[in-house]
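# Structure assessment
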Amino acid sequence: MIDTIYIEEAIRQHPRVLEILARFPNATRIPCRRYGEVFNPKAQNFRLQKLKPALILAEKYQHFALPAPAGYGIGARRNFYFSHVLNCLYDCRYCFLQGMYQSAHYVLFINYEDFQQNITQLCAQTPDEAVHFFSGYDCDSLALEPVTGFAENFLPFFAGLPNAWLELRTKSTQVRSLLSREPLPHAVVAFSLSPGLIAEKVEAKAPTLQKRLDALVKCQEQGWLVGLRFDPLLYQHDYQAHYQALFEQVFARINPERLHSVSLGVFRLPENFFKKIHSLYPDEKLFASPLERQNGRVSYPKQLEQDMIGYCTGQILAHIPSDKFFPCTL
């Protein structure tokens, strides 16, 4: 899976680095001073790199947990996001990471303890108030779990923070580390879901809808709270039929008593990200949909956006109480 590993010189003897290197004894190892030397240069070929991404082992020095955007919807008064990895194992056509980064390589920040120290400090600021932390903004929280050991390291840590909530956002079936331990009462395993036929077209390398549902059900049966993330909603002329079928399939299998939340949001991208992604896929049918620019972002026309959200909201609220529903307004 990993043929080339770049390693920052300052961390080459870090125990987590040595553990990862032992997993890939045949990988080519290349030292670097800082990960940006490999990850940030312009004129890189994202599509070519995506065929065989390298792994970059790096140390993060600041900005460990950042305030979540105001329109995120889910959470409490104090909400933060953090990412132990930059970039994703999967190759979803709509993913904003292709517009954000120059490179398709994976950057893994191995200094988990510094993330944890920052999270502990944020929780200590309001010890009697819930603080929510969202993992998986710049990556999939669990897709690289066999390499990163992220959940294995962070779940015991969050178990010791009584006012902290953790969301693991994923399309992955890598839930073994969750199933091997007692569920955390303040942790949510949030699965991103799309209609099966649409996912086949635009979510390359990601597990099928059926496999994601199988993983979700296993987590629920183990006692974990789960979230459903219908985001982004993607338009095609018969989208109603596809999403109606999706909701019926999902809600026929889940246990509503172990459902933490449901969210949805339409396809949208910052305009500069969209331009870059469109240049990578000039013939992509997804980008031939009725899109328009508004307030610095690219999305569907306002009326179509409202129609899609309205239709899907009605379908979802036929299955769940309104207090579990969180539309995204970003």
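Along each chain, residue indices are assigned from 1 in the same order as the chain's sequence is written. Only residues with pLDDT of at least 70 are given local features in this predicted model, and only at 80 or more are side-chain atom pairs given and counted; all residues enter the totals for whole chains, interfaces and linings. In computing side-chain properties, one takes all heavy atoms of the structure into account and sets aside hydrogens as well as water.

### Some points on unusual backbone geometry
Heads up, the condition is: For the purposes of this entry, the term helix denotes a DSSP run of H or I that reaches at least four residues, the term strand denotes a run of E that reaches at least two, and both are numbered from the N terminus.
For the peptide bond that leads from Asp231 to Pro232, omega is 10 degrees, which places it in the cis range. Tracing the sequence through the fold places Pro232 in strand E13 (residues 225-233). Even without glycine at this site, His63 takes up a positive phi of about 55 degrees. With respect to the helices, strands and loops of the structure, His63 is situated in the loop between strand E3 (55-58) and strand E4 (66-67).

### Considering the sheet that holds E4
Just so we agree on the cut-off: Two strands are counted as paired when DSSP detects at least two bridges linking them. Here, residues are in contact when the closest pair of their heavy atoms is within 4.5 Å. A fitted line through C-alpha atoms serves as each axis, taken over the contacting stretch for helices, and the angle formed by two N-to-C directions is quoted from 0 to 180°.
On the basis of which strands lie adjacent, the open sheet formed by eight strands has the order E4-E5-E9-E10-E11-E13-E14-E18 and mixed pairing. Since the sheet does not close on itself, it has two edges, and those belong to E4 and strand E18 (325-327), each with one partner. Two elements, strand E5 (residues 78-82) and strand E9 (residues 131-135), share five bridges in a ladder whose sense is parallel. The partner of Asn79 across the bridge, within E9, is His132. This element, helix H13 (residues 302-317), spans E13, strand E14 (259-266) and E18 of the sheet and lies at about 160 degrees to E14.

### Details of the nonpolar core
Taken as a class, soluble globular proteins show a tendency for nonpolar side chains to be buried jointly. For clarity, the threshold we go by: Definition of nonpolar core: a set of buried residues of the types Ala, Val, Leu, Ile, Met, Phe, Trp, Tyr and Cys, connected through side-chain atoms within 4.5 Å. Working definition: with a 1.4 Å probe on protein chains only, accessible area under 20% of the residue-type maximum means buried, over 50% means exposed, and in between means partly exposed.
With 106 residues, the main nonpolar core has Leu57, Phe82, Ile119, Phe133, Phe158, Leu228 and Phe230 as its most contacted residues. Those residues within four positions of Leu228 in sequence are excluded, and the remaining contacts are Phe191, Leu193, Leu216, Val250, Phe251, Ile254, Leu259, Ser261, Val262 and Ser263.

### Here we look at the sheet that holds strand E16 (residues 292-294)
In spatial order, the strands read E15-E17-E16; together these three strands make up an open sheet with antiparallel pairing. With partners counted over all chains shown, the strands left at the sheet margins are strand E15 (268-270) and E16, one partner each. Strand after strand, the sheet turns through a mean of 30 degrees between neighbouring axes, direction not considered. Summarising the sheet, E15 and strand E17 (residues 297-299) pair through three bridges and their orientation is antiparallel. Looking at the pairing, Pro270 lines up with Arg297 of E17. Sitting on the sheet, helix H12 (residues 271-280) touches E15, E16 and E17, and the angle it makes with E15 is about 100 degrees.

### A short note on the pattern of salt bridges
We count it as follows: Salt-bridge detection follows one rule: a side-chain nitrogen of Lys or Arg within 4 Å of a carboxyl oxygen of Asp or Glu.
Under the criterion given, the structure shown has 17 salt bridges. Lys302 serves as the salt-bridge partner of Glu305, at 3.6 Å between the closest nitrogen and oxygen. Taken together, the residues span about one helical turn, with Glu305 and Lys302 both in helix H13 at a distance of three residues. For Glu305, a relative accessible area of 8% gives the class buried. Take Lys302: its relative accessible area is 41%, and that puts it in the partly exposed class. Residues participating in the shared-partner salt-bridge network are Arg47, Asp91, Arg93 and Glu284.

### A look at the packing of helix H10 (residues 209-222) against helix H11 (residues 239-251)
Helix packing geometry: the angle between the two helix axes and the distance between the axes. Put simply, the test is: Roughly parallel refers to an angle under 35 degrees, roughly antiparallel to one over 145, roughly perpendicular to one between 65 and 115, and oblique to any angle outside these ranges. The crossing is said to be left-handed when, going from far helix to near helix, the turn is anticlockwise and less than a right angle, and right-handed when the turn is clockwise. The classification used treats Ala, Val, Leu, Ile, Met, Phe, Trp, Tyr, Cys and Pro as nonpolar, Asp, Glu, Lys and Arg as charged, and all other residues, Gly among them, as polar.
Contact pair H10 / H11: the axes reach a minimum separation of 11 Å and the direction vectors enclose 30 degrees. Relative to H11, H10 is oriented roughly parallel. Between H10 and H11 lies a crossing of right-handed hand. Across the interface between the two elements, Leu209, Gln210 and Leu213 from H10 touch Leu246, Gln249 and Val250 from H11. Partitioned by chemical class, the residues of the contact of H10 with H11 number four nonpolar, two polar and no charged.

### Some thoughts on the environment of Gln249
Examined against the element boundaries, Gln249 turns out to sit in helix H11. We classify Gln249 as partly exposed; its relative accessible area is 30%. When the C-alpha atoms of Gln249 and Tyr90 are compared, they prove to be 23 Å apart, with 159 residues separating the residues in sequence. Residues in contact with Gln249, not counting those within four places in the same chain, are Leu209, Gln210 and Leu213.

### A few points about the packing of helix H5 (residues 112-125) against helix H7 (residues 150-159)
Here H5 crosses H7 at 30 degrees, and the two axes come no closer than 11 Å. Judged on the interaxial angle alone, H7 and H5 are roughly parallel. Crossing hand, H5 versus H7: right-handed. Across the interface between the two elements, Tyr112, Phe115, Gln116, Ile119 and Thr120 from H5 touch Phe150, Asn153, Phe154, Phe157 and Phe158 from H7. Of the residues in the contact of H5 with H7, the class split is seven nonpolar, three polar and no charged.

### Some details on the pairing of E9
Of all five residues in E9, five are buried; the element is thus mostly enclosed. Of the two faces of E9, the one carrying Val131, Phe133 and Ser135 and the one carrying His132 and Phe134 are both buried. Direction of pairing for E9 relative to strand E10 (residues 164-170): parallel, over a ladder of five bridges. When the bridges of E10 are listed, Ser135 appears paired with Leu168.

### Some points on the packing of aromatic side chains
Where we set the bar: Stacked, tilted and edge-to-face are the three classes assigned to paired rings of Phe, Tyr and Trp, where Trp is represented by its six-membered ring and a pair needs centres within 6.5 Å; plane angles under 30 degrees give stacked, over 60 edge-to-face, the rest tilted. For a Lys NZ or an Arg CZ to count as sitting over a ring, it must be within 6 Å of the ring centre and within 35 degrees of the ring normal.
The final tally for this structure, using the stated rule, is 25 aromatic pairs. Between the aromatic rings of Phe64 and Phe115, the centroid separation amounts to 5.2 Å while the plane-to-plane angle is 70 degrees, which identifies the pairing as edge-to-face. On the criterion of sequence distance, the pair formed by Phe64 in the loop between E3 and E4 and Phe115 in helix H5 is long-range, its members being 51 residues apart. The residues Phe64 and Phe115 share a single accessibility class, namely buried. Through pairs of rings, three or more aromatic residues link up here, namely Phe64, Phe80, Phe82, Tyr112, Phe115, Phe133, Phe150, Phe154, Phe157 and Phe158. Geometry around Phe109 places Lys60 over its ring, the cationic atom sitting 4.9 Å from the centre.

Worth remembering: the numbers are spatial, not functional.
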